[in-house]
Amino acid sequence: MRVAASALEPILALNVEKEVRKDALAIRSSSKGDLPQLLRQARQIDEEFVARLERLPLVRLEIRYEKIEPIRTRRMERLLEAAARILQAPWSGLRPARRASYGEAQFAIMLREHLQLYAAEVDALNACVRFALLMAPLRERVRRNMEAQANALAHDVTRLLYD
């Protein structure tokens, strides 16, 4: 398992970079709230990711958007709402704006929901991945780990931001 996991590190790094780009687009476009445009841009980022993956021998990815888009749409809607709410606060600075926009419990709920939707989107994408045989057992393990970590991460980040 460890050999398979270490072989996945470059793929996981590419995936994290892809997701950061999509979330950054959502945050930057939150004042416009153009969800259809954001979803088109997310698809372009996905296509670039798939093209980069084609150079690697371990996986093949054929994204089935009919499974992913409903989850991604909900996740991006929530992210747009949260970013707009925080960025429209009259206070300067992220921490005061966030505190003015969300109470601690509200923030924890919003963040947990975002992370759970992200985990569901990853799980839907995971079903589109064709691993080399050695990698297949990791699929279920990744899903369970992401689900388990969503609540803990939301709690830890909220504590960090509100203490």
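Residues numbered from 1 in each chain as written. Predicted model: local features only at pLDDT ≥ 70, side-chain atom pairs only at ≥ 80, totals over all residues. Heavy atoms only, no water.

So, on to the overall build of the protein. The secondary structure content of the protein amounts to six helices and two strands. Taken over 163 residues, the protein has a buried fraction of 41%. Long-range contacts, defined here as pairs at least 24 residues apart, represent 77% of the contacts in the protein between residues at least 6 apart. Accessible surface computed for the protein: about 9,700 Å², of which carbon and sulfur atoms make up 58%. (Helix = DSSP H or I, 4+ residues; strand = E, 2+ residues; numbered from the N terminus. Buried < 20%, exposed > 50% of the residue type's maximum accessible area, 1.4 Å probe, protein only. Contact = heavy atoms within 4.5 Å. Areas by Shrake-Rupley, 256 points an atom, 1.4 Å probe, with all protein chains shown as cover.)

Tallied over the full model, the rule gives two aromatic pairs. Centre to centre, the rings of Tyr102 and Phe107 are 6.1 Å apart; their planes meet at 75°, and the pair counts as edge-to-face. Using a relative accessible area of 6% as the deciding quantity, one classes Tyr102 as buried. Taken together, the ring pairs in this structure connect Tyr102, Phe107 and Tyr162 into an aromatic cluster. (Phe/Tyr/Trp six-rings, centres within 6.5 Å; stacked < 30°, edge-to-face > 60°.)

Our next topic: the packing of helix H2 (residues 35-53) against helix H3 (residues 65-87). Running from N to C, H2 and H3 point in directions that differ by 125°, and their axes come no closer than 10 Å. Our classification of the angle between H2 and H3 gives oblique. Judged by the twist between their axes, the crossing of H2 over H3 is right-handed. Between H2, through Leu35, Leu38, Leu39, Ala42, Arg43 and Asp46, and H3, the contact on the second element is made entirely by Tyr65, Glu69, Arg72, Thr73, Met76, Glu77 and Leu80. A class-by-class count of the residues in the contact of H2 with H3 yields seven nonpolar, one polar and five charged. (Axes fitted to C-alpha atoms, helices over the stretch in contact; angles between N-to-C directions. Parallel < 35°, antiparallel > 145°, perpendicular 65-115°, else oblique. Left-handed = near helix turned anticlockwise from the far one by under 90°. Nonpolar A, V, L, I, M, F, W, Y, C, P; charged D, E, K, R; others polar.)

Along the chain, the position of Leu53 falls in helix H2. Taking the relative accessible area as the measure of exposure, Leu53 reaches 4% and is therefore buried. The spatial distance from the C-alpha of Leu53 to the C-alpha of Ile11 is 7.4 Å, given a sequence separation of 42 residues.

All right, on to the side chain of Glu19 then. Counting through the fold element by element, Glu19 comes out in helix H1 (residues 2-28). In this structure Glu19 comes out as buried when scored by relative accessible area, which is 6%. Of the polar contacts made by the side chain of Glu19, one reaches the side chain of Lys22; its length is 3.0 Å. (Polar contact = N/O pair within 3.5 Å; in protein donor to acceptor, adjacent residues only side chain to side chain.)

Looking now at the side chain of Thr158. If you trace the backbone, Thr158 turns up in helix H6 (residues 138-162). Discounting chain neighbours no more than four positions away, the residues touching Thr158 are Glu104, Phe107, Ala108 and Leu111.

This part takes up the pattern of salt bridges. Any two side chains of opposite charge can pair if their charged atoms end up close together. Taken as a whole and assessed by the stated rule, the structure comprises 15 salt bridges. Residue Glu19 is joined to Lys18 by a salt bridge in which the shortest nitrogen-to-oxygen separation is 2.6 Å. Pair check on accessibility: Glu19 and Lys18 agree, each one buried. With a closest N to O distance of 3.0 Å, Lys22 and Glu19 form a salt bridge. Taken together, the positions of Lys22 and Glu19, both in helix H1 and three residues apart, correspond to about one turn of that helix. Across this residue pair, the class does not change: Lys22 and Glu19 are buried. Each of Lys18, Glu19, Lys22, Asp23, Asp46, Arg72, Arg75 and Glu121 takes part in one network of salt bridges that share partners. (Salt bridge = Lys/Arg side-chain N within 4 Å of Asp/Glu carboxyl O.)

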